[in-house]
Amino acid sequence: MIPVHSYACKQAKGPLTSYAFERREPRDHDVVIDIQYCGICHSDIHQVSDEWGGSAFPMVPGHEIAGIVSQVGTNVSHYKVGERVGVGCFVDSCRKCSSCYDGLEQYCIEGCTLTYNGVERDGKTPTQGGYSNKIVVNENYVLRIPDDLPLPRAAPLMCAGITLYSPLMHWKAGPGKKVGIIGLGGLGHMGVKIAHALGAEVTVLSHSLKKQDEAKKMGADKFYATSSDFRSFEKLKGYFDLIINTLSVEIDWNRYLNLLALDGTMIVVGLPEKETLLGASSLINARRSLAGSVIGGIQETQQMLDFCSKHNIACDIELIPIQKVNEAYLRVINSDIRYRFVIDTKSLV
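Definitions and cut-offs
- Residues numbered from 1 in each chain as written.
- Predicted model: local features only at pLDDT ≥ 70, side-chain atom pairs only at ≥ 80, totals over all residues.
- Heavy atoms only, no water.
- Helix = DSSP H or I, 4+ residues; strand = E, 2+ residues; numbered from the N terminus.
- Buried < 20%, exposed > 50% of the residue type's maximum accessible area, 1.4 Å probe, protein only.
- Contact = heavy atoms within 4.5 Å.
- Axes fitted to C-alpha atoms, helices over the stretch in contact; angles between N-to-C directions.
- Parallel < 35°, antiparallel > 145°, perpendicular 65-115°, else oblique.
- Left-handed = near helix turned anticlockwise from the far one by under 90°.
- Nonpolar A, V, L, I, M, F, W, Y, C, P; charged D, E, K, R; others polar.
- Polar contact = N/O pair within 3.5 Å; in protein donor to acceptor, adjacent residues only side chain to side chain.

Draft legend 1. Expanded view of unusual backbone geometry. Going from Phe 57 to Pro 58, the amide bond is cis rather than trans, its omega being 0°. Here Pro 58 shows up in the loop between helix 1 (42–48) and strand 4 (65–72). For the peptide bond that leads from Arg 338 to Tyr 339, omega is -10°, which places it in the cis range. In this structure, Tyr 339 sits in the loop between helix 11 (325–333) and strand 17 (340–344). Positive phi is not limited to glycine here, since Asn 117 has a value of about 55°. Of note, Asn 117 is situated in the loop between strand 7 (113–114) and strand 8 (134–138). Judged by relative accessible area, which is 16%, Asn 117 ranks as buried. At Ser 335, a residue that is not glycine, the phi angle is positive and equals roughly 55°.

Right, dumping it as structure tokens:
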């Protein structure tokens, strides 16, 4: 077994503290990764607080992992020791269902194996995430990070980047399309950068104007404060082809659906704790659609990394030592971050 240093949450809503555990020795197709950096996703906070239910403790969060290959199994063909790699939100899937065959492992019919707060395919071994110094993953679920992407800023691409890239590509954002991004946080700022690189007109719908100048520098064409200026909902009625809601808090979806043009679509990528009420009229009056999207498959995630490399896109981050993770959680809750915390896991040892 491989000894691992980490930070874990021992009980729901408890603090993260130092935690030692062991990972498996590499099997024939496994890659051992020395984790260098791991992003803090808002879902980490939901999970350690058991806000979605089903959390298992002790829990080592983290699914935005960037590091260096330190060891490979005897039959590994995709990676070599010393290569820069990443791991995202899942580390395995059934590999036999229609979704897996189509490269949509995130929608595995049996359920993909989550990077943390999940269970391995043996049905009993808990998975532990990237707030640690090492991880062992099958080579088919590892991503190659292009050399020109800085590892700290590439780490959040494994979740925040692909979470926005996948729906933007699936719903064909590009020249001539008007895209609205609800929220300019860790997810939203990546949506602005990627939609801009695709050639779409990009509008940020935020609760205030505080981030307007930053959004414009990222590529936003327009910016509206929907909380302080309710006239925005009237002005933008029927305007967008595509809206992506990145928020993990409750908002009135009906008001935003009315901003869609004929046949427009709003995609939900955030997961609020409570259910959201929905009225039929906001959908049927303009043949609008409400859809959801969750990350991307391995092939699409690699395409996203290559796209970001080509267009010089990376996450805006604040780098912290692991010892400040609890402070960082509070700041995320208070929206006090531009725009993603990344843990320097080398601070573990």
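So much for the structure itself; the text now carries on.
Draft legend 2. Structural view of the side chain of Gln 47. With respect to the helices, strands and loops of the structure, Gln 47 is situated in helix 1. Exposure remark for Gln 47: the relative accessible area of 11% places this residue in the buried category. Excluding its chain neighbours within four sequence positions, the residues that come into contact with Gln 47 are Trp 52, Ser 55, Phe 57, Met 59, Tyr 116 and Asn 117.

Draft legend 3. Spotlight on the packing of helix 4 (residues 160–170) against helix 5 (residues 188–198). Orientation of helix 4 relative to helix 5, taken along the N-to-C sense of each, is 40°, at an axis distance of 9 Å. Compared by their axis directions, helix 4 and helix 5 come out oblique. Where helix 4 crosses over helix 5, the handedness of that crossing is right-handed. Residues Ala 160, Gly 161, Leu 164, Tyr 165, Leu 168 and Met 169 of helix 4 lie in contact with helix 5, whose contacting residues are Met 190, Gly 191, Ile 194, Ala 195 and Leu 198. Among the residues forming the contact of helix 4 with helix 5, the class breakdown is 9 nonpolar, 2 polar and no charged.

Draft legend 4. Highlighting the packing of helix 4 against helix 10 (residues 298–310). Two elements in contact, helix 4 and helix 10, have axes separated by 10 Å at closest approach and are oriented at 100°. Accordingly, the angle class assigned to the pair helix 4 and helix 10 is roughly perpendicular. For the pair helix 4 and helix 10, contact is made by Gly 161, Ile 162, Tyr 165, Ser 166 and Met 169 and by Glu 300, Thr 301, Gln 303, Met 304 and Phe 307, respectively. For the contact of helix 4 with helix 10, the per-class residue count stands at 5 nonpolar, 4 polar and 1 charged.

Draft legend 5. Main features of the environment of Arg 95. Following the sequence through the fold, Arg 95 ends up in the loop between strand 6 (90–92) and helix 2 (98–101). Judged by its relative accessible area of 38%, Arg 95 is partly exposed. Those residues in contact with Arg 95 that sit more than four places away from it in its chain are Cys 100, Tyr 101, Asn 138, Asn 140 and Tyr 141. A distance of 3.0 Å separates the side chain of Arg 95 from the side chain of Asp 92, its partner in a polar contact.

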